[in-house]
2 protein chains.
Amino acid sequence: MQIEIINTGTELLLGRTLNTHHQWLALQLGDLGLRIQRQTSISDTASEIISAVSESLGRADLVITTGGLGPTSDDNTRSALAELLGLRLVQDSAVMDRINGFFALRNKSVPPHASIQAMVPEGGTVIPNDHGTAPGLAIEVPAGKFRLTRSHLVMLPGPPRELRPMFINQFIPWLRSQFLELPKLDVRTLRTTGLGESWVEETIAPQLSGLVTEGLEIGYCAKIGEVEIRLAMVGERGAEIAGQAEKIVRRLLKNHIFGSHTDTLERAVVELLKSRNKTLAVAESCTGGFLGHRLTNVPGASQVFMNGYLTYSNGAKERDLGVPSKILEEHGAVSEATARAMAEGCRDISKVDYSLSVTGIAGPTGGTDQKPVGTVFIGLAGPDGCVVEKNFNPYDRETFKFVTSQQALNLLRKTLLEVRMISG
Amino acid sequence: MQIEIINTGTELLLGRTLNTHHQWLALQLGDLGLRIQRQTSISDTASEIISAVSESLGRADLVITTGGLGPTSDDNTRSALAELLGLRLVQDSAVMDRINGFFALRNKSVPPHASIQAMVPEGGTVIPNDHGTAPGLAIEVPAGKFRLTRSHLVMLPGPPRELRPMFINQFIPWLRSQFLELPKLDVRTLRTTGLGESWVEETIAPQLSGLVTEGLEIGYCAKIGEVEIRLAMVGERGAEIAGQAEKIVRRLLKNHIFGSHTDTLERAVVELLKSRNKTLAVAESCTGGFLGHRLTNVPGASQVFMNGYLTYSNGAKERDLGVPSKILEEHGAVSEATARAMAEGCRDISKVDYSLSVTGIAGPTGGTDQKPVGTVFIGLAGPDGCVVEKNFNPYDRETFKFVTSQQALNLLRKTLLEVRMISG
């Protein structure tokens, strides 16, 4: 099925708003086994909307527009497309009742132009909006009008908090009712860290080749500090084949996989700590709080995350973590010995089961020949001792922080999974 | 001038990558007084590239493509567009020398397909790439080929860290050389925090109405915790009128303005601390490290940011900051008294000039009738005493952290500007 997306909104063309609809819709449609062929952003102007939509209707089976359904003067999508299709706009009393109810519930009078949102192109289908006043609209465009076969035009509202639930709760069932041939798709997404994309591919692809000949699709998505594997299979045997593929990948990559779907590494760590009834504290130098920030983004982190020390200065490393001044003088703040002393000091002072320490050179300045910008030591102290990992992350400051925190969280995660033996 | 952007890349259509090029280019072009008329995303396929670009060349004076200039099999932009324009690809020796130099510098042998990047459509202009191997290309499309007047086609590389410096350092001078009629535009962007968008508009708009009649454009952009004001004026009197407008806005909004252009609040705070030779420490509970993270994102923060305490648990608040257990029992961890004891304890232990403390309920759980989710106390201890601000930020967890950190940084910034008197 050919699908095109048209995002309307002058704010998109001015760069005032980032177009997140496109990616979100692409991912949602991808989970249905569908792919967008083209995406276009245009202004709010009626003539622009008419020309872009008529071009898309000449190519695609399904054209989805976003935006321009509200009551203000720059909301032109509904009227422009009714004009393009030669359809009269008629008031839908059910929609009008919903709009009146929306304002009544909020003890507000109905604003003068709100009723525009109850106007529906004749023959169109209303897609109810549970989070706002402007409903979505679906119109079947007859064969011969823009191309030889019929197509569908769907208008969705612009605000993400209206569009997203409407898409999932209303649009997808509508889509299934219109396109009976909609492919049945089973998708498994597995997320790994600590591995390179090519290593992942070389390890799993040969073992999956049999399933690929049966129709399995494998996708790799390498982000900074993470490789995502997407296993997708269309058809009646979707669940069976995708399930087999998932088993194979899990067997091959073992605990390099930290989660599936939208899991995050910090959530995996917090859940592991909870399940093992262990507590954690952090001692951060170069990450400056980012490690604590990630951990405390997980709701319920307070059950396992006790506290942290941002020991940016050497004085703070001595005072708060008990790092001996001799170590700082002899080895420097960015050293294995300092990372070890920070982790052990943090664990002992905080009276926690585990502590993570990070000390490195985030840059852009402060590097030397021996310790260039990007050098970082990560310490993990646990009940049985302490390990220190040395890494080299020569990136810009924020990427450095992210990659380093990813390595620290993964070191702890693997230790909790008892892969890595802790030596004293 | 009619401008269209075409972003190529199958990853965009699959939703694997968020299209940030579009917004970035729109903002850059906006600063030159130019506006994008249409943006299109298409796959890597040669036929798709050819059809989208030929459509755009039929409409626009300038068509900019991004992506598809690299050496791999899915990099089709260069060859597809040479085909579309009927131009032969010839090797450019200067580009080949740069590619060879690029790999020599990194002690790597030149990969087999790298030389493809030195192929230039005959008559095309090379836009050097200072951060990668694929140069950009600019081609003048003669009148009569796609429309009655000539147009320009510019191909930029896909990776942001290559595209962005190329756009600023190479593309803009090229654009000025080609389009002598480029409007002269003066833009001033002022960034405020702590004010509502409508308050800002009601305060400044009446005072700017005279300049608006002369052609001044005012734009407001409300983000979470921030309102940005854009003052733009086209023409010979641009600098004069925009300058007058900036003076008026600065007089009206005073130190609610924390910076201009791409300044951040954390940078403003770090610069103020540096200029006043003052040091800072933080004591964070509910923000969990995010405040430290923002401060340490500023290069050179180590001159003024000494250390921090992430006292997530009550035990840590007592042990690390000396918050009396009596205060925690009587007032609770989320209270004015605790925020004050945290800030004062942090200042005294850290021996810094200023300390910020944050304690609140980020949610989604943990709220009560008296202290609902979103309640937060922000303490600032300085040389002369301590103030505590109570705020209500009923958002999701990450937005809560951002807004709270914004309020804390702004409290310190205003204090450093000596607006706010500190009482003991």
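In this convention, every chain numbers its residues from 1, walking through the sequence in written order. Here every chain gets a letter starting at A, and every ligand a number starting at 1, in the order they are written. Residue-level local features of this predicted model are given only where pLDDT is at least 70; pairs of side-chain atoms are given and counted only at 80 or more, and the full residue set underlies all totals for whole chains, interfaces and linings.

**As for the relation of the copies chain A and chain B**
Filter applied, for reference: To superpose the copies, least squares is applied to the C-alpha atoms of every residue with a pLDDT of at least 70 in both. The contact criterion used here is simple: two residues whose C-beta atoms, placed from the backbone, lie within 7 Å are in contact.
Structural alignment of chain A on chain B gives an RMSD of 1.3 Å, achieved by rotating through 179 degrees and translating 1.1 Å along the axis. In symmetry terms, the pair is related by a two-fold rotation axis. Counting the interface residues of chain A, we find that 100% of their copies in chain B are interface residues as well, pointing to one common contact surface.

**Remarks on the interface of chain A and chain B**
One widely used convention gives an interface's size as the accessible area the parts lose upon coming together. Rule in force here: The way it works is that DSSP assigns letters per residue, a run of H or I at least four long becomes a helix, a run of E at least two long becomes a strand, and they are numbered from the N terminus. Strands are treated as partners if at least two bridges between them are detected by DSSP.
Each partner contributes residues to the interface: chain A has 45 residues there, and chain B has 45 residues. Contributing elements (two or more residues each) for the side of chain A that touches chain B: α2 (21-31), β2 (36-42), α10 (290-296), β14 (305-311), α11 (314-321) and α14 (397-416) of chain A. Top contributing element to the side of chain A that touches chain B by residue count: β14 of chain A, with seven residues. As judged from the five bridges shared by β14 of chain A and strand β14 (residues 305-311) of chain B, these two strands associate in the antiparallel manner. Bridge assignment links G308 of chain A to a residue of β14 of chain B, and that residue is L310 of chain B.

**Brief notes about the packing of helix α9 (residues 265-276) of chain B against helix α14 (residues 397-416) of chain B**
Residues and elements named next belong to chain B. Rule in force here: Note on geometry: axes are lines fitted to C-alpha atoms, helical ones only across the stretch in contact, with angles between N-to-C directions running from 0 to 180 degrees. When an angle is under 35 degrees it counts as roughly parallel; over 145 it counts as roughly antiparallel; between 65 and 115 it counts as roughly perpendicular; any other value is oblique. Definitions for this section: a left-handed crossing has its near helix turned counterclockwise from the far helix by less than a right angle. A right-handed crossing has that turn clockwise. In the scheme used here, Gly and all other residues not listed as nonpolar or charged are polar, with Ala, Val, Leu, Ile, Met, Phe, Trp, Tyr, Cys and Pro taken as nonpolar and Asp, Glu, Lys and Arg as charged.
Relative to each other, α9 and α14 sit at 30 degrees, their axes nearing to 10 Å. Between α9 and α14, the crossing angle belongs to the class labelled roughly parallel. The handedness of the crossing between α9 and α14 comes out as left-handed. Taken together, the residues of α14 that come into contact with α9 (itself represented by L265, E266, A268, V269, L272, L273 and R276) are Q406, L409, N410, L412, R413 and L416. When its residues are assigned to classes, the contact of α9 with α14 shows eight nonpolar, two polar and three charged.

**As for the domain arrangement of chain A**
Definition in use: Domain ranges listed in this record stem from an automatic or a database domain assignment.
Parsing chain A into structural domains produces domain 1 (3-178), domain 2 (185-260) and domain 3 (265-416). Using only C-alpha atoms to locate each centre, domain 1 of chain A and domain 3 of chain A end up separated by 49 Å.

**Quick notes on helix α3 (residues 46-57) of chain B**
Every α-helix winds through 3.6 residues per turn, so residues three or four apart in the chain are directed the same way. All names here are of chain B. Defined as follows: By this rule, a helix spans an expected 1.5 Å times one less than how many residues it contains. To sort residues by burial, count the other C-beta atoms lying within 10 Å of each one's C-beta; a count of 20 or more means buried, 12 or fewer means exposed, and anything in between means partly exposed. C-beta atoms are built from the backbone. To be clear, the arc concerns the directions from the helix axis to the C-beta atoms.
Its twelve residues give α3 an end-to-end C-alpha distance of 16 Å, which sits within 8% of 16 Å, the value for a rise of 1.5 Å per residue. Of the positions making up α3, those classed as buried are E48, I49, A52, V53, S56 and L57. Taken end-on, α3 shows its buried residues confined to a sector of 150 degrees, consistent with a single buried face. Turning to α3, the residues buried within the fold contact β1 (3-8), β2 (36-42), β3 (62-66), α4 (77-85), β7 (136-141) and β8 (151-156).

**Some words on the nonpolar core**
Keep this limit in mind: By convention the nonpolar core is taken to be a set of buried residues drawn from Ala, Val, Leu, Ile, Met, Phe, Trp, Tyr and Cys and joined through C-beta atoms within 7 Å.
Judged by nonpolar contacts, the single largest core of 119 residues is most densely connected at A343 and L412 of chain A together with A343 and L412 of chain B. Those residues within four positions of L412 of chain A in sequence are excluded, and the remaining contacts are V269, Y354, L356 and L380 of chain A.

**Let's talk about the pairing of β14 of chain A**
Residue and element names in this part refer to chain A. Filter applied, for reference: With the strands aimed away from the viewer, a crossover counts as right-handed if its path from the first strand over the helix to the second runs clockwise.
In terms of burial, β14 is a largely internal element, seven of the seven residues being buried. Two strands pair when backbone bridges link them, and strand β13 (residues 280-284) and β14 are joined in this way by five bridges, in the parallel orientation. Residue pairing in the sheet places V282 in a bridge with G308 of β14. Handedness of the crossover joining β13 and β14 through α10 is recorded here as right-handed.

**Focus on the sheet that holds strand β9 (residues 185-192) of chain A**
Consider a sheet: its strands pair through backbone hydrogen bonds, and that pairing is either parallel or antiparallel. Residues and elements named next belong to chain A. Taken together, four strands build an open sheet; the order of strands is β10-β11-β9-β12 and the sheet is antiparallel. Bordering the open sheet on either side are β10 (217-223) and β12 (257-260), each of which pairs with just one other strand. Taking the axes of each pair of neighbouring strands and ignoring which way they run, one obtains an average angle of 25 degrees across the sheet. Judged from the seven bridges that link them, β10 and strand β11 (residues 226-234) form a sheet pairing that is antiparallel.

**What to know about the sheet that holds strand β12 (residues 257-260) of chain B**
All names here are of chain B. Judged by pairing direction, the sheet is antiparallel, and its four strands sit side by side in the order β10-β11-β9-β12 without closing on themselves. Strands at the two margins of the open sheet, each flanked by one partner only, are β10 (217-223) and β12. Averaged over all pairs of adjacent strands, the angle between strand axes in this sheet comes to 25 degrees, irrespective of strand direction.

**With respect to the environment of I5 of chain A**
Residue and element names in this part refer to chain A. Along the chain, I5 turns up in strand β1 (residues 3-8). Assessed through the 26 C-beta atoms surrounding it within 10 Å, I5 is described here as buried. Separated by 16 residues in the primary sequence, I5 and H21 have C-alpha atoms spaced 9.4 Å apart. The residues contacting I5, other than those within four sequence positions of it, are H22, L25, I36, Q39 and I64.

**A word on the environment of A281 of chain A**
Residue and element names in this part refer to chain A. With respect to the secondary-structure elements, A281 resides in strand β13. Classification of A281 by C-beta neighbours within 10 Å gives buried; the count is 27. Between the C-alpha atoms of A281 and K317, which are 36 residues apart in sequence, the distance is 15 Å. Beyond its immediate stretch of four places on either side in the chain, A281 contacts M306, N307, G308, C346, R347, S350, V352 and S355.

**Describing the packing of helix α7 (residues 197-213) of chain B against helix α8 (residues 238-253) of chain B**
All names here are of chain B. At a closest axis distance of 10 Å, the pairing of α7 and α8 adopts a crossing angle of 155 degrees. The angle between α7 and α8 falls in the class roughly antiparallel. In terms of crossing hand, the pair formed by α7 and α8 is right-handed. Residue-level inspection shows T203, I204, Q207, L208 and L211 of α7 in contact with α8, the latter providing I241, Q244, A245, I248, V249, L252 and L253. Considering only residue class, the contact of α7 with α8 consists of nine nonpolar, three polar and no charged.

**Considerations on α14 of chain B**
Taking 1.5 Å of rise per residue, the 20 residues of α14 of chain B would be expected to cover 28 Å, and the 29 Å separating its terminal C-alpha atoms lies within 8% of that figure. Downstream of α14 of chain B by a residue or two, E418 of chain B has a phi angle that is positive, lying close to 60 degrees.

**What to know about the pairing of β2 of chain B**
Consecutive side chains along a regular strand alternate between the two faces of the sheet. Residue and element names in this part refer to chain B. Across the seven residues of β2, seven count as buried, placing the element largely inside the fold. In this structure, β1 lies alongside β2, joined through six bridges in parallel fashion. When the bridges of β2 are listed, T8 appears paired with I42.

**Some remarks on the confidence of the model for chain A**
All names here are of chain A. The condition is simple: Think of pLDDT as the predictor's per-residue confidence, scored from 0 to 100.
When the pLDDT values of chain A are averaged, the result is 92; 98% of them are 70 or greater. Confidence drops under pLDDT 50 across residues 419-424; counting only partners more than four residues distant or on other chains, this segment forms 13 contacts. Confidence estimates for the predicted assembly give a pTM of 0.82 and an ipTM of 0.82.

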